[in-house]
Amino acid sequence: MELHLSDAAASPEERAALDELLGPAVPPALPDARVRFLEGRVARGGHELASRRTLLLPALHALQSRVGWISEGGLNEVCARLDVPPAEAYGVASFYALFRLEPSPPTVVHVCDDLACRLRGARELVEALEAEAPEDADAGGWTWVRSPCLGMCDQAPAFLAQRAGRPDVSLGGASLAAIRAAVAPEATVTCAGAVSAPQAWDPAARSGLRLLRRVGRVDPTSLDDYRAHGGYEALRRAIELGPAGVIREVTDAKLLGRGGAAFPTGVKWRAVAEQPVRPHYVIANADESEPGTFKDRLLMELDPFALVESLTIAGFATGAERGFIYIRGEYPLATERLELAIEQARRRGFLGPDVMGENFAFDIELRRGAGAYVCGEETALFESIEGKRGEPRNKPPFPVTHGLFGRPTVINNVETLVNVPLVLELGGPGYAAIGTEGSTGPRLFCLSGHVERPGVYEVEHGARLGDLLDLAGGVAGGRRLQAVLLGGAAGGFVRPDELDLPLSFEGARAAGATLGSGVVLVIDETADLGDLCLRIARFFRDESCGQCVPCRVGTVRQEEALLRLVRGRTLGTRADEHARLDELARVMRDASICGLGQAAAQAIGSAVAKFDAFDRTGGSA
Amino acid sequence: MSVPVPLAPPRRLVEVTVDGRPVRVPEGSTILDACRALAIDTPTLCYAPNLTPVNACRVCVVEITGARTLVPACSRPVEAGMEIATDTERVRHSRRLVMELLGSSVDLSLAGEDWERWTRAYGADPERFGARMDPLPAGERDRRRAGHHHEPEDPTVAESVAQPVTIDNELYVRDYARCVLCYRCVEACGEDAQHTFAIAVAGRGFDARISTEFAVPLDESACVYCGNCIGVCPTGALMAKREHDLRREGSWDESRQRITTTICPYCGVGCELEVHVQDDEIVKVTSPADHDITRGHLCIKGRFGFAYVGRRDERSASRRDRADPAP
Ligand SMILES: Cc1cc2nc3c(=O)[nH]c(=O)nc-3n(C[C@H](O)[C@H](O)[C@H](O)COP(=O)(O)O)c2cc1C
Ligand code: SF4
Ligand code: SF4
Ligand code: SF4
Ligand code: FES
Ligand code: FES
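Since the model is a prediction, treat every value here as computed from it, not as a measurement.

Attention shifts here to the domain arrangement of chain B. Residue and element names in this part refer to chain B. Domain annotation of chain B identifies domain 1 (1–131), domain 2 (161–248) and domain 3 (253–327). Opposite the 19 residues of domain 2 that make contact, domain 3 presents twelve residues. Approximately 1200 Å² of surface area, both sides summed, lies buried where domain 2 meets domain 3, with 57% of it carried by carbon and sulfur atoms. Of all residues in domain 2, Leu171, Asn228 and Arg242 bury the most surface against domain 3, accounting for 39% of the area lost on that side. For the pair domain 2 and domain 3, the interface holds three salt bridges. Between Glu243 and Lys284 there is a salt bridge; the shortest N-O distance is 3.2 Å. Run the count over domain 2 and domain 3 and you get seven residue pairs in polar contact (both at pLDDT 80 or more).

Put into structure tokens, the structure is as follows:
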């Protein structure tokens, strides 16, 4: 079999970008590859080459970040070097929102107009930009597009500038002036890293913190400082306990996953540890794209070694020698900090063939996503690392037996992982004593929207939603609370009379809500819930991978129905439209492949049920 | 897709119940196999016996006791003691909605008699989501970027995949207004049969589509015109040019067609051909999906060689024309 490539050739710049990532252009095994490549046909090699497909996403990133788009010649070069058919490589590249496949201005500004930013001026900013230049048109060396949540909701409104040949910057406090400053050719703007954890900044509140204990106190770029703050004591303890001992502690701690599904971590780890098939893999899910979520970003920016150490413990406990951190592509500062942390840990023997001189091997590879919420779904994430389109797999089989590259794989959320050192420090039962019976340990919440002091807050499971709001200073400007969106776009709206809700898995469940990824989006009386619901509908439609019919078409029909209700142009009565929405919700929930489709109607449904957000009877009924 | 191995030891039987009726099927069978063993008519669309299931369309879903969501019958293996329900209100609802969602966005008029029967049986009414949107200009869907759709201007019409037919070669046409994105052609072109990988799914969400790299015409792609993608397409989105032309002229008439089975004469492999003849002209060549050698797949000669047989006269005529210098 051979690859068929067009005769479009890569520019010297594109080749240089790929050289940097992949090494010299002509693989020694194929000395005449270049010649045959020019002839339009390249012979496909054996296993060694086949495994290079996992480098597809990094290679596409290399092109995009060097020249600002992926040309036909650039893609050809990638295909020839990685032995990927061009149609498939194009299928992958066109899956991700951060890749551009036509000539593009060197700077692309992604302006967040998602939930938290909408509540803080994003719509007005978008209008101002539109007056400047239409969306996606060349505004003189740069262009802008609207974006889903950038994980900067505490700094809302936010934007990300993707800049060819220069580092990307992600900034809060977006304004026309700030955007102009970031896109200017001579701009020296860098990521501010202004993530807020008000408790950690407050000497009085700080002493009670566990997950955030080092935040703001430790130098995130120094391994020594990390160790001076207790870093790597947990790995030492893990080695004393041995793999089975670690898994026992994690199990006794009753640590449940923080990524949304609340699965017991100990059960997952044991299942992988027991698999005879090798190798095993461990993965930190740092895709964090649920609108309103930014807790993992805070941990990675301000305490990155904690994640490196925690993932090492996971690898040690489950018999994995390779770990991956899959971080969303919109997190330039967290990416930079993790790169640095991994490199330092490797240099100092905390990663590598003989970790801490304790005779076990473990290393970590950092992979960047490229703008796809669905890639946070664990099996889509595997596909993405493997160099394929981020389409979720059907389950079963489950990751613990058939995960990354078909091997037994542990995948955990960042926050879940950084609880593990705490578990080893307190002992399983000691950890389990924190929080409630069914929801042990501390928990991070992301407060954003109309709240006085937005930021990441740490409380014990079981705290009341109302208390959490008080911690953050209550509704901004002392206005009246209309609703809270709990758990994110895949969560649900909560009424002001439900503020007694205990923030625990079981407490939320009993109230028909979910903690999801810890989103607490505060909405005051001035906001338009219908507008937020429409934005959620748009989000799911944009982020659907397109694989299964209920979600691919259902999310489109859902958005259309909501628009008809808003514009008063219903097909039949308003009640008919609501009935249709219910029917769509059912098929998406029941028959979609993954959690994205299954949850795509949930928040909207709660807004209708609890707030009559789309006026069941009014208008043209 | 496993090829049947005649000498394998008999597989253990697994007992499950479907709609309360017990049935024993070999280990590794799917729920669909169990349903068929009981002659339960189960709608399918993306499933094909000669391809790896992608379980993407979800029209075959069933309810399993104890499962949170419905599961696809076509790919889910049975487990001992599984209680399967195929006719609950929940199952009927999801199947009907899947049919309606597809019908509201795709032209399914050539999806076949089975599909028509199922949509009637389930009472699917795609129109209730609004009239299907008018075709977009050619190439428009190919340019859509992931994650950036624009708010529909008129939400009373249902967004659809309607677009002009792509005719960029002499052998077959691609009418993506009929594409349900079942992935069958991609599988047939790639891992499951042809290993050419000329086409793949590009884009995301509702804008996902079957495409060559940068949507280049087939002639510029890796396509070798084996036509295996045509052979597996369930909706007539991929169609031999001859059939497409005859249909457009209004002269395609299956009732006037005879199917003769023969062995392909071009090489020694022994592929079985089904030659479809209408009015003494070969109008189409297929191969049975359950044939041991082809599993339904052919090469350019077997599938399209007839075009030369049937139109030999025309071609020699034109050669003569050219050979005769004008006086
Ligand atoms: C559409 C979708 C997006 C998801 N995104 C994330 C994510 O960004 N981060 C995350 O940790 N889990 C995400 N999940 C959940 C993961 O599939 C998985 O359950 C989780 O990573 C397991 O880790 P945990 O057990 O530590 O929670 C997502 C799930 C779905 C369905
Ligand atoms: S539910 Fe949506 S995102 Fe998930 S597999 Fe189906 S189409 Fe893709
Ligand atoms: S004709 Fe053959 S090679 Fe061409 S796209 Fe179809 S399956 Fe692939
Ligand atoms: S062209 Fe046909 S075979 Fe290919 S995905 Fe569309 S409907 Fe399926
Ligand atoms: S950064 Fe804008 S909503 Fe999160
Ligand atoms: S036939 Fe089973 S999912 Fe399509």
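Backbone-to-backbone hydrogen bonds pair the strands of a sheet. The strands run either parallel or antiparallel. Residue and element names in this part refer to chain B. Pairing in this open sheet of three strands is antiparallel, and the strands run 12-13-14 from one edge to the other. Since the sheet does not close on itself, it has two edges, and those belong to strand 12 (257–263) and strand 14 (281–286), each with one partner. Between one strand axis and the next, the sheet turns by 30° as a mean value, whatever way the strands run. Where strand 13 (residues 272–278) lies against strand 14, five bridges are found, and the strand directions are antiparallel. Its bridge partner being in strand 14, Val277 is matched across the sheet by Ile282.

Further remarks concern the pattern of salt bridges. With the rule as written, the count across this model stands at 77 salt bridges over all chains. Where B:Arg145 meets A:Glu102, a salt bridge forms, and the shortest distance between an N and an O atom there is 2.9 Å. Highlighted residues: B:Arg145 in the loop between strand 6 (131–132) and strand 7 (157–158) and A:Glu102 in the loop between helix 6 (86–93) and strand 3 (107–112), drawn from two different chains. Under the relative-accessibility criterion, B:Arg145 is labelled buried at 13%. A salt bridge links A:Arg123 to A:Asp531; the nearest nitrogen and oxygen atoms lie 3.3 Å apart. Here the residue A:Arg123 occupies a position in helix 8 (residues 122–132), and A:Asp531 occupies one in helix 23 (residues 529–543), the gap between them amounting to 408 residues. A relative accessible area of 13% places A:Asp531 in the buried class. One network of salt bridges, with partners in common, ties together A:Asp113, A:Arg118, A:Arg123, A:Glu135, A:Arg146, A:Asp531, A:Arg535 and A:Arg538.

Turning next to the domain arrangement of chain A. All names here are of chain A. Domain parsing of chain A yields domain 1 (12–93), domain 2 (107–183), domain 3 (223–282 + 292–322 + 334–432), domain 4 (442–523) and domain 5 (529–616). For domain 4 versus domain 5, the separation of C-alpha centres amounts to 23 Å. At the junction of the two partners, domain 4 supplies 14 residues and domain 5 supplies 13 residues. One can count one salt bridge joining domain 4 with domain 5. Counting across the domain 4 and domain 5 interface gives five residue pairs in polar contact (both at pLDDT 80 or more). Only strand 13 (481–486) and strand 14 (492–494) provide two or more residues apiece to the side of domain 4 that touches domain 5.

By nearness alone, 14 residues border ligand 4, and B:Cys179, B:Val180, B:Cys182, B:Cys185 and B:Cys233 come closest of all. Looking at the shell around ligand 4, its residues break down into twelve nonpolar, one polar and one charged.

As a further point, take the site of ligand 1. Residues and elements named next belong to chain A. In the neighbourhood of ligand 1, 18 residues make up the surrounding shell, with Gly259, Lys268, Asn412, Asn413 and Thr416 lying closest. Gly376 places a main-chain nitrogen or oxygen 3.3 Å from a nitrogen atom of ligand 1. Within the side chain of Asn413, a nitrogen or oxygen atom sits 2.7 Å from an oxygen atom of ligand 1. Burial of ligand 1 by the protein amounts to 89% of the accessible area it has alone, namely 610 Å².

A word on the environment of A:Arg574. All names here are of chain A. Note on placement: Arg574 falls in helix 25 (residues 574–591). Judged by its relative accessible area of 6%, Arg574 is buried. Here Phe614 takes part through its backbone oxygen, which lies 3.0 Å from a polar atom of the side chain of Arg574.

What follows deals with helix 15 (residues 295–302) of chain A. Where burial is concerned, most of helix 15 of chain A is hidden: eight out of the eight residues are buried. Turning to helix 15 of chain A, its buried residues number three or more, namely A:Lys295, A:Asp296, A:Arg297, A:Leu298, A:Leu299, A:Met300, A:Glu301 and A:Leu302.

With that settled, the discussion passes to the sheet that holds strand 3 (residues 61–64) of chain B. Residue and element names in this part refer to chain B. Read from one edge of the open sheet, five strands run 2-1-5-3-4, paired in mixed fashion. Edge positions in the sheet fall to strand 2 (21–26) and strand 4 (71–72), since each has one partner strand and no second. Judged from the two bridges that link them, strand 1 (residues 13–18) and strand 5 (residues 83–85) form a sheet pairing that is parallel. Its bridge partner being in strand 5, Val18 is matched across the sheet by Ile84.

All names here are of chain A. The biggest cluster of nonpolar side chains holds 218 residues, and the ones touching the most others in it are Tyr96, Trp269, Ile325, Phe493 and Ile523. The element that contributes the greatest number of residues to this core is helix 16 (residues 304–318), accounting for nine residues. When residues no more than four places from it in sequence are discounted, the contact partners of Trp269 are Val246, Ile247, Val250, Ala314, Ala317, Thr318, Val410, Asn412, Leu417 and Val420.

A few words on the pairing of strand 9 (residues 363–368) of chain A. Residue and element names in this part refer to chain A. Pairing between strand 8 (residues 320–327) and strand 9: six bridges, direction parallel. Paired with Gly323 across the bridge in strand 9 is Ile364. In this region the chain leaves strand 8, passes through helix 17 (residues 332–347) and returns to the parallel neighbour strand 9; the handedness of that crossover is right-handed.

All names here are of chain A. Between its terminal C-alpha atoms helix 4 (residues 56–67) stretches 17 Å, which fits the 16 Å expected from twelve residues at 1.5 Å a residue. Along helix 4, ten of the twelve residues are buried, which leaves the element largely enclosed by surrounding structure. Inspection of helix 4 places Leu56, Leu57, Pro58, Ala59, Leu60, His61, Ala62, Leu63, Gln64 and Val67 among the buried residues, and these make up the whole buried set. Directly after helix 4, the chain includes Gly68, whose backbone phi takes a positive value near 90°.

Our next topic: the interface of chain B and chain A. Counting from both sides, the interface comprises 66 residues of chain B and, opposite them, 66 residues of chain A. Of the roughly 5700 Å² buried where chain B meets chain A, counting both sides, 53% is carbon and sulfur surface. At the junction of chain B and chain A, the tally comes to ten salt bridges. Notably, a salt bridge pairs A:Glu583 with B:Arg128, separated by 2.7 Å at the nearest N-O pair. Where chain B packs against chain A, one counts 38 residue pairs in polar contact (both at pLDDT 80 or more).

Residues and elements named next belong to chain A. Where helix 23 meets helix 27 (residues 602–611), the axes come as close as 9 Å, and the angle between the chain directions of the two elements is 160°. What the angle tells us is that helix 23 and helix 27 run roughly antiparallel. Considering the relative orientation of helix 23 and helix 27, their crossing is left-handed. Two secondary-structure elements touch here, helix 23 through Leu529, Cys533, Ile536 and Ala537 and helix 27 through Ala603, Ile604, Ala607 and Phe611. Counted by class, the contact of helix 23 with helix 27 contains eight nonpolar, no polar and no charged residues.

The rules we used
All residue numbers here refer to positions counted from 1 along the written sequence of the relevant chain. The lettering of chains begins at A and the numbering of ligands begins at 1, in the order of writing. For a predicted model such as this one, the threshold for reporting local features is a pLDDT of at least 70, and the threshold for listing and counting side-chain atom pairs is 80 or more; totals across whole chains, interfaces and linings nevertheless cover every residue. Working from all heavy atoms in the structure, the side-chain values ignore hydrogens and water. Segment limits for the domains were obtained from an automatic or database-derived domain assignment. Between two residues, a contact is recorded if the distance between any of their heavy atoms is within 4.5 Å. When two parts are brought into contact, each loses some accessible area as probed by a 1.4 Å sphere; the total of that loss over both is the buried area. Salt bridges, as used here, are contacts in which a Lys or Arg side-chain nitrogen is within 4 Å of a carboxyl oxygen on Asp or Glu. The term polar contact refers here to a pair of N or O atoms within 3.5 Å; inside protein, the definition further demands a hydrogen-donor-capable atom paired with an acceptor-capable atom, and it admits residues adjacent in sequence only when both atoms are side-chain atoms. Note on pairing: DSSP must find at least two bridges between two strands before they are called paired. Secondary structure elements are taken from DSSP: a helix is a run of H or I of four residues or more, a strand is a run of E of two residues or more, and numbering for both begins at the N terminus. Orientation is described by lines fitted to C-alpha atoms, with helices fitted over the stretch in contact, and by angles between N-to-C directions that extend from 0 to 180 degrees. For every residue, the accessible area (1.4 Å probe, protein chains only) is compared with the maximum for its type, and the residue is labelled buried under 20%, exposed over 50%, or partly exposed between those bounds. Throughout, near means a residue has at least one heavy atom within 4 Å of the molecule or strand. Put simply, Ala, Val, Leu, Ile, Met, Phe, Trp, Tyr, Cys and Pro go in the nonpolar bin, Asp, Glu, Lys and Arg in the charged bin, and everything else, Gly too, in the polar bin. Areas reported as accessible are Shrake-Rupley estimates using a 1.4 Å probe. Residue values count occlusion only from the protein chains shown. Think of a nonpolar core as a cluster: buried Ala, Val, Leu, Ile, Met, Phe, Trp, Tyr and Cys residues, connected wherever their side-chain atoms sit within 4.5 Å. When the strands point away from the viewer, a crossover counts as right-handed if the path from the first strand over the helix to the second runs clockwise. Multiplying 1.5 Å by the helix residue count minus one yields the expected span of that helix. An angle below 35 degrees is read as roughly parallel, one above 145 as roughly antiparallel, one from 65 to 115 as roughly perpendicular, and any other as oblique. By definition, any crossing whose near helix is turned counterclockwise from its far helix by less than a right angle is left-handed, and any crossing with a clockwise turn is right-handed.

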